[in-house]
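# Notes for the structure review
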Amino acid sequence: MSKRPYISPSFSYVPLEEALEILPRKKQLFIGIPKETSFQENRIALTPEAVSVLVNNGHDVAVEHNAGEGSFYFDSDYSEAGARIVYDKVELYKATTIIKSAPISEDEAALLQPNQVVISPIHLPLLKAEILEQLIQKKIIAIAFESIKDDAGSYPIVRSMSEIAGSSAILTAAKYLSNVHNGKGILLGGISGVPPAQVLIIGAGIVGEFAARTALGLGASVKVFDNSIYRLMRLQNNIGRRCFTSVLEPVTLANELAEADVAVGALKPSNGITPVVVTDDMVSNMKAGSVIVDISIDRGGCFETSKLTSHEKPIYKKYDVIHYCVPNIASGVSRTASRAISNVLMPILQQCADMGGMEGIIQAKTGIRNGVYMYKGCVTNAPIAKRFNFKYTDLDLLLAAQS
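One structure accompanies this document, and this report is about it. (Residues numbered from 1 in each chain as written. Predicted model: local features only at pLDDT ≥ 70, side-chain atom pairs only at ≥ 80, totals over all residues. Heavy atoms only, no water.)

To continue, consider the overall build of the protein. Helix and strand counts for the protein stand at 15 helices and 15 strands. If one aligns the C-alpha atoms of the protein with their principal axes, the spans along those axes are about 105 × 70 × 45 Å. Taking the intrachain contacts of the protein between residues at least 6 apart in sequence as the baseline, contacts between residues at least 24 apart amount to 64%. Of the roughly 20,100 Å² of accessible surface on the protein, 53% is carried by carbon and sulfur atoms. (Helix = DSSP H or I, 4+ residues; strand = E, 2+ residues; numbered from the N terminus. Contact = heavy atoms within 4.5 Å. Areas by Shrake-Rupley, 256 points an atom, 1.4 Å probe, with all protein chains shown as cover.)

Below you can see the structure in the form of structure tokens.
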């Protein structure tokens, strides 16, 4: 016979305390924005409006004297937004978070303090091992802002800059077709009774799409080449109308180039280098006075006749064809580009503060993690490590070991 359970009169139900997640304390950031002196850079990574939001949330922002003048943002705009104007670059680099719109130069790498956070672009063709060695020694957390992903898995800053480059390329070509710049005197869109200019675009990515959209908006006749049928379909769907599209077949491409008034190179790089699809011969058969805008020039260019130019000397002629091969096109419309970069970085800095600093947001957000190429003395980007023969460390493993 089983015994009946005995319940003591002293027995009572005592509720346990609920275990709630303890959020990290809000961390106030000290942000430094230096004046860019290299790479023909006119952009600035945070606009006065973004600085105002950060300052009103308790952050300290220091801006170097005349840092924003290339984008027509002046010291008075930043001081009214609550930033401190700093006249000494060494003093500015005492900030814990440095935000730049151009890659880190050797002089700037020397000014960096141990354990700083640096958010800037990286320009692989001009990156030097000496700069990386300084970042490793100083245990810098370095983030390439063009590699930051958003919640949808796309690259918001790259997309914005690509949209700017595509639209600017067509407006630039229209400028060099006119007599004002010693062009042959063609109006891109034509008029009643006069056919429009022929625009040929190589590449149907974001850059190609916005180049096509702008050219069609101005009334030009547009032909797009790309080896991806999916990208060609997406371009037509996105611009909402049919236009001539073709795969990159040399005979067809050569025939269409011979008729084109404007040729835009907007191919994506493969393995870091843009494939050359337009040969010297093809360019020599183009019409005299036609314009080539090679947007892919920062990764080598897709025209065999392309060579780097600058905003000061943007064009040269070969076979009587005008070549415009400026790598940093977005810097030519720096105010628009600055606002686009600022729109992405300002919310990240806000979240960063809420999550207890940059290390907190790197732990929490895979999109930010994607942009980290240097973490406290470790190279966490495989292509960079391979190129410069540094030891590669997987960032996820590094963070797992720390937590």
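Quick look at the environment of Lys-268 now. Within the secondary structure, Lys-268 sits in the loop between β10 (262–265) and α10 (280–284). For Lys-268, a relative accessible area of 53% translates into the label exposed. When the C-alpha atoms of Lys-268 and Gly-208 are compared, they prove to be 9.9 Å apart, with 60 residues separating the residues in sequence. (Buried < 20%, exposed > 50% of the residue type's maximum accessible area, 1.4 Å probe, protein only.)

This part covers the pattern of salt bridges. Following the criterion strictly, the structure yields 17 salt bridges and no others. Through salt bridges that share partners, Glu-36, Lys-100 and Glu-108 make up one connected network. (Salt bridge = Lys/Arg side-chain N within 4 Å of Asp/Glu carboxyl O.)

We now examine the side chain of Asp-75. In this structure, Asp-75 sits in helix α2 (residues 75–80). Buried and unpaired, Asp-75 has Lys-35 as its nearest opposite-charge partner, separated by 8.6 Å. Engagement of the side chain of Asp-75 in a polar contact is seen with the side chain of His-65, the distance being 2.5 Å. Setting aside its immediate chain neighbours within four residues, Asp-75 contacts Glu-64, His-65, Asn-66, Ala-67, Ile-85 and Tyr-87. (Lys, Arg positive; Asp, Glu negative; His and termini not counted. Polar contact = N/O pair within 3.5 Å; in protein donor to acceptor, adjacent residues only side chain to side chain.)

To continue, consider the nonpolar core. Core analysis: the biggest nonpolar cluster contains 47 residues, and Leu-46, Leu-345 and Ile-362 have the highest contact counts within it. By residue number, the principal contributor to this core is helix α11 (residues 334–354), which donates 10 residues. Discounting residues that sit within four places of it in the chain, Leu-345 has contacts with Ala-45, Leu-46, Ile-99, Ile-119, Phe-145, Ile-148 and Ile-157. (Core = buried A, V, L, I, M, F, W, Y, C linked by side-chain atoms within 4.5 Å.)

Non-glycine residue Lys-139 carries a positive phi angle of around 55 degrees. Of note, Lys-139 is situated in the loop between α5 (129–137) and β6 (141–144). Of note in the backbone geometry, Tyr-319 takes a positive phi value of approximately 55 degrees without being a glycine. With respect to the helices, strands and loops of the structure, Tyr-319 is situated in the loop between β12 (315–318) and β13 (321–324). Judged by relative accessible area, which is 38%, Tyr-319 ranks as partly exposed.

Strand-to-strand pairing in sheets goes through backbone hydrogen bonds, with the strands running parallel or antiparallel. Ordered by their spatial adjacency, 8 strands build an open sheet running β3-β2-β1-β4-β5-β6-β14-β15, and the pairing between neighbours is mixed. Since the sheet does not close on itself, it has two edges, and those belong to β3 (84–86) and β15 (378–379), each with one partner. Summarising the sheet, strand β1 (residues 30–33) and strand β2 (residues 60–64) pair through 4 bridges and their orientation is parallel. Looking across to β2, one finds that Gly-32 is bridged to Ala-62. Running at roughly 55 degrees to strand β14 (residues 372–375), α5 makes contact with β6, β14 and β15 of the sheet. Against the sheet, helix α15 (residues 395–402) touches β14 and β15, its axis set at about 45 degrees to β14. (Pairing = 2+ DSSP bridges. Axes fitted to C-alpha atoms, helices over the stretch in contact; angles between N-to-C directions.)

On to the sheet that holds β10. Strand order in the open sheet made by the 7 strands is β9-β8-β7-β10-β11-β13-β12, with mixed pairing throughout. The strands lining the two open edges of the sheet, one partner per strand, are β9 (244–246) and β12. Strand-to-strand twist in this sheet, taken as the mean axis angle between neighbours without regard to direction, amounts to 20 degrees. With 3 bridges joining them, strand β11 (residues 291–294) and β13 adopt parallel strand pairing. Bridge pairing in β13 links Val-291 to Ile-322.

Where nonpolar side chains cluster on the molecular surface, the patch consists of Leu-187, Ile-191 and Val-194 and spans about 300 Å² of accessible area. Residue Val-194 is classed as partly exposed on the basis of its relative accessible area, which comes to 44%. (Patch = residues over 30% accessible without salt bridge, like charges linked within 9 Å, V, L, I, M, F, W, Y side chains within 5 Å.)

Here we come to the packing of helix α1 (residues 48–56) against α11. Contact pair α1 / α11: the axes reach a minimum separation of 10 Å and the direction vectors enclose 10 degrees. Taken together, the axes of α1 and α11 lie roughly parallel to each other. In this structure, α1 uses Ala-50, Val-53 and Leu-54 to contact α11, whose residues at the interface are Ser-342, Met-346, Leu-349 and Gln-350. (Parallel < 35°, antiparallel > 145°, perpendicular 65-115°, else oblique.)

Okay, the packing of aromatic side chains next. Summed over the entire model, instances satisfying the criterion amount to 4 aromatic pairs. For the pair Tyr-73 and Tyr-78, a centre-to-centre distance of 6.5 Å together with 75 degrees between the ring planes defines the contact as edge-to-face. Accessibility classification places Tyr-73 together with Tyr-78 in one group, the buried group. Seen in terms of ring centroids, Phe-225 and Phe-244 are 5.9 Å apart; in terms of plane orientation they differ by 45 degrees. Their pairing is tilted. Placement of the pair is Phe-225 in strand β8 (residues 221–225) and Phe-244 in strand β9, with a sequence separation of 19 residues. Over the face of the ring belonging to Phe-210 we find Arg-213, whose NZ or CZ atom lies 5.1 Å from the ring centre. Over the face of the ring belonging to Tyr-316 we find Lys-307, whose NZ or CZ atom lies 4.7 Å from the ring centre. (Phe/Tyr/Trp six-rings, centres within 6.5 Å; stacked < 30°, edge-to-face > 60°. Lys NZ or Arg CZ within 6 Å of the ring centre and 35° of its normal.)

What follows deals with helix α9 (residues 250–259). When α9 is considered as a whole, its buried residues turn out to be Leu-253, Glu-256 and Leu-257. Projected onto a plane normal to the axis of α9, the buried residues spread over an arc of 105 degrees and lie on a single side. At its buried positions, α9 is contacted by β7 (198–202), β8, β9, β10 and α10. Between the side-chain oxygen of the N-cap and the backbone nitrogen of Val-251 there are 3.1 Å, and the N-cap of α9 in question is Glu-249. (Arc of directions from axis to C-beta.)

Geometric values such as these leave the question of function open.
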